[in-house]
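Per-entry structural report
Take a look at the letters that make up each chain.
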Amino acid sequence: MNRFFYYLILINMITSVVATNPKILFQYSDKGAIPSMLLAVGAGLFFTYAVATFFNKFPGKGLPELLNEASPKWFAKCILFYLSVNFYLAGLITLITYTHILKLFLSPEMSIYIIVFSFVLFVSFGILMKTRSVLYTIEIILILFAPVFVYILIKAYANPIFDWDAVRVAMMQINHPPELSSFTTATFIFMGSVNLVIFNRVFTKQQKFSSKSLLTVGIIGIVILFTLYFVPIGFGGFDRIKDLVYPWISATDSMRMKFGLVERIIFIFMLLFLGIALLSIIIHWHIAFHLLDNFVRKKQRSQKKFNPTPYLIIVLFWMLAFMATLQLSEYQLFKYITVFDNLLPIFFLLLLLTFFVVNRGAQSK
Amino acid sequence: MLPGLYVAFTSYNPEILRIELALSVAGSRIGVPYPSFIEVILMLIFIEFLTEASIRLPKAVSATATTVGGLILGTALTEAALASNVMIIIVALVAIATFIIPVNEMSFAIRIGRTSLLIFATLFGLIGLTLGFLGSIMYLTNKESFGETYLRIYWKNQKQELKGTTK
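Summarised in this report is the structure supplied together with it.

Criteria and thresholds
Residue positions within a chain follow its written sequence, with the count starting from 1. Chains carry letters and ligands carry numbers; both start at the beginning, A for chains and 1 for ligands, and go up in the order they are written. Local features are withheld for residues below a pLDDT of 70 in this predicted model, meaning they are given only at 70 or higher, and side-chain atom pairs are given and counted only at 80 or more; totals for whole chains, interfaces and linings count all residues. Calculated side-chain values reflect all of the structure's heavy atoms, with hydrogen atoms and water omitted. For helices the rule is a DSSP run of H or I covering at least 4 residues; for strands it is a run of E covering at least 2, with both sets numbered from the N terminus onward. The rule is simple: take the accessible area with a 1.4 Å probe, protein chains only, and divide by the maximum for that residue type; under 20% is buried, over 50% is exposed, in between is partly exposed. For accessible areas, the Shrake-Rupley method is used with a probe of radius 1.4 Å. Any residue's cover is judged against the shown protein chains and nothing else. Note on definitions: salt bridges are taken to be side-chain nitrogens of Lys or Arg within 4 Å of carboxyl oxygens of Asp or Glu. To get an axis, fit a line to the C-alpha atoms, keeping to the stretch in contact for a helix; angles then go from 0 to 180 degrees between the N-to-C directions. Angle categories are assigned with fixed cut-offs, so that under 35 degrees is roughly parallel, over 145 is roughly antiparallel, 65 to 115 is roughly perpendicular, and the rest are oblique. A clockwise turn of the near helix away from the far one marks a right-handed crossing, whereas an anticlockwise turn of less than a right angle marks a left-handed crossing. Any pair of residues with heavy atoms lying within 4.5 Å of one another is described as a contacting pair. Any residue that is not Ala, Val, Leu, Ile, Met, Phe, Trp, Tyr, Cys, Pro, Asp, Glu, Lys or Arg is counted as polar, Gly included; the first ten are nonpolar and the last four charged. A helix's residues, less one, multiplied by 1.5 Å, set its expected span. Side-chain atoms within 4.5 Å are what join buried Ala, Val, Leu, Ile, Met, Phe, Trp, Tyr and Cys residues into a set we call a nonpolar core. Any two rings among Phe, Tyr and Trp, with Trp reduced to its six-membered ring, count as a pair given centres within 6.5 Å; such a pair is stacked if its planes are under 30 degrees apart, edge-to-face if over 60, and tilted if neither. When the NZ atom of lysine or the CZ atom of arginine is within 6 Å of a ring's centre and also within 35 degrees of its normal, the charge is said to sit over that ring.

We now examine the overall build of chain B. Check the secondary structure of chain B and you find seven helices and two strands. Listed by position from the N terminus, the elements making up chain B come as α-α-α-α-α-α-β-β-α. Out of the 167 residues in chain B, the part that is buried amounts to 40%. Summing over all exposed atoms, chain B offers an accessible surface of approximately 9,300 Å²; the carbon and sulfur share of this is 73%.

Given below as structure tokens:
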């Protein structure tokens, strides 16, 4: 597979480290989080495989084009709208979570408007970028940030206060039946491959999704899931980990660099994840934007005439983002995210159905 | 990036730096009458004047200009508490860093970029600085000349890759 494909998956995984996903998992830490995580690895890999093989059949084409070619119109419109709303919500969740985190930990005096505004300003630039450029940006920023991320991981695992006994206690909870919410949350980590919906447009070369790629994705996913779940447990202990609002931030706050210019790792961590979150929001909203654009569009757009649709869509995004960020409290946000994650299986099935329909449509032609 | 960092640290998040450094930075700003970003902007304009002047003046005079500007004015500024010591260091570093850049036209671009980063840091603090940095990367990757992007990473250095696998 193309290396950009892995980047897309990786970004999705890393972003969920600091978002609400660990918290949802910890809610079920003594009710079957671990078996559902194991199940989620399987389901996520299967899903990744399905998406990747499907899009490899149609190099250089995004889902909107495929749908327009090979399926009835009403079906295409419904699917496009549903998908764009979903992607928008995924980006919105990251945005709101990060705004809360930044407001809490980095700049408590700053107005929440300003934080959201600064985010949305750059994100809307990212939305309007060319799809190819988005990929290049992802690559450069990931490569810039990767050493820091690895450093933080090493720092976490090699830390003397990292309590492996707590990790073992958490691992003992394997004998519970899996739980729906924790299962869907854990599968969300593997959802990065869905981003191909739009990004497949730039993958014009025929490529193969071999078992090696599947293995790579699986290993990365397992490592990230392990880190995501067990590092906060190692720092915070098993019993009361449920009560922390942002377990990962608290975990990183217990690390310090003795000789560093910046003593507390939490700030480096936060700035690093600020970048990653920005990328994730850009990816999600970029896709949502293009899907919505295709949904609204009636016929082929003429190049010359000025078209206000993209700007209208962005204004819509902005307004919804501001409203949602101001309205939601952390508790509500957490509840809504759980609902969103629980709806993911429907998303799964719908997408698979779409693939089926498109495949049949393409064959009948 | 340094001027932006200075603004972000002094006016938004002094607690990020370790305590000794934060104290020494804050200590050197005692008596400076205006907010840090005005200080930074003033000093940056001053250093730009200085570099431009030293380019244009004849050789014999330009040494005098830099001495008067750099040494005497710098010392006087800190003693009159119009700018902090750390600020002078930063400005000097910025000046040296601009001389590193090999192409003169590129240093103009860097100048603009520096100012925009400074503005973002002033408006949004450390968040703005990081986002501004990422934003400049985004801007550069989005810019194209003759269909090739300004900024991208060539991975394997294969012929294929140079032609562009993802077109």
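The structure having been displayed, the exposition proceeds.
Residue and element names in this part refer to chain A. This model, assessed by the stated rule, comprises three salt bridges over all chains. Note that Arg168 and Asp165 form a salt bridge whose closest N and O atoms lie 2.8 Å from each other. Placement of the pair is Arg168 and Asp165 together in helix H8 (residues 164-171), with a separation of three residues, close to one helical turn. Classification of Asp165 by relative accessible area gives partly exposed; the value is 48%.

All names here are of chain A. Helix H14 (residues 309-327) packs onto helix H13 (residues 265-296) with a crossing angle of 130 degrees between their chain directions and a minimal axis gap of 10 Å. Relative to H14, the element H13 is oriented oblique. Note that H13 runs across H14; the crossing there is right-handed. Contact residues: Trp285, Ala288, Phe289, Leu292, Asp293 and Val296 in H13; Thr309, Pro310, Ile313, Phe317 and Ala321 in H14. Per-class residue counts for the contact of H13 with H14 are nine nonpolar, one polar and one charged.

Residues and elements named next belong to chain A. Turning to its location among the elements, Thr94 is positioned in helix H5 (residues 73-106). Residue Thr94 is classed as buried on the basis of its relative accessible area of 6%. For the pair Thr94 and Val18, spaced 76 residues apart in sequence, the C-alpha separation works out to 9.3 Å. Among all residues touching Thr94, those that are not within four sequence positions of it are Thr15, Ala277, Ser280 and Ile281.

Bringing H13 of chain A into the picture now. For H13 of chain A, which comprises 32 residues, the first-to-last C-alpha distance of 45 Å matches the rise-based estimate of 46 Å (1.5 Å per residue) to within 8%. Within H13 of chain A, 28 of the 32 residues are buried, which leaves the element mostly enclosed by the surrounding structure.

Residue and element names in this part refer to chain A. Along the chain, the position of Asn12 falls in helix H1 (residues 3-18). Overall, Asn12 belongs to the buried group, its relative accessible area being 3%. In contact with Asn12, other than residues within four places in its own chain, are Phe188, Ile189, Met191, Gly192 and His284.

Let's shift gears to the nonpolar core. In terms of nonpolar packing, the biggest core is built from 146 residues, with Ile138 and Trp285 of chain A touching the most fellow members. Sorting elements by how many residues they give to this core places H13 of chain A first, with 21 residues. In contact with Trp285 of chain A, not counting residues within four places along its chain, are Phe87, Tyr88, Gly91, Leu92, Leu95, Val123, Ile127, Phe317 and Ala321 of chain A. One finds Leu44, Leu50, Ala83 and Val91 of chain B within the second-largest nonpolar core, a separate group that totals 14 residues.

Our focus in this paragraph is the packing of aromatic side chains. Residue and element names in this part refer to chain A. Tallied over the full model, the rule gives 25 aromatic pairs over all chains. Relative to Phe347, the ring of Tyr82 has its centre 6.3 Å away and its plane inclined at 40 degrees; by these criteria the two rings are tilted. Here Tyr82, found in helix H5, pairs with Phe347, found in helix H16 (residues 344-364); they are 265 residues apart in sequence, far enough to count as distant. On the numbers, 4.7 Å between centres and 50 degrees between planes, the contact of Phe226 with Phe230 is tilted. You can see Phe226 and its partner Phe230 sitting in helix H11 (residues 211-236), four residues apart, about one turn around the helix. Phe226 sits in the partly exposed class, given a relative accessible area of 27%. Looking at Phe230, the relative accessible area reads 5%, which means it is buried. Within the aromatic cluster, the residues linked to one another by ring pairs are Phe26, Phe226, Tyr229 and Phe230. Over the ring of Phe334 we find Lys23, and its NZ or CZ is 5.0 Å from the ring centre.

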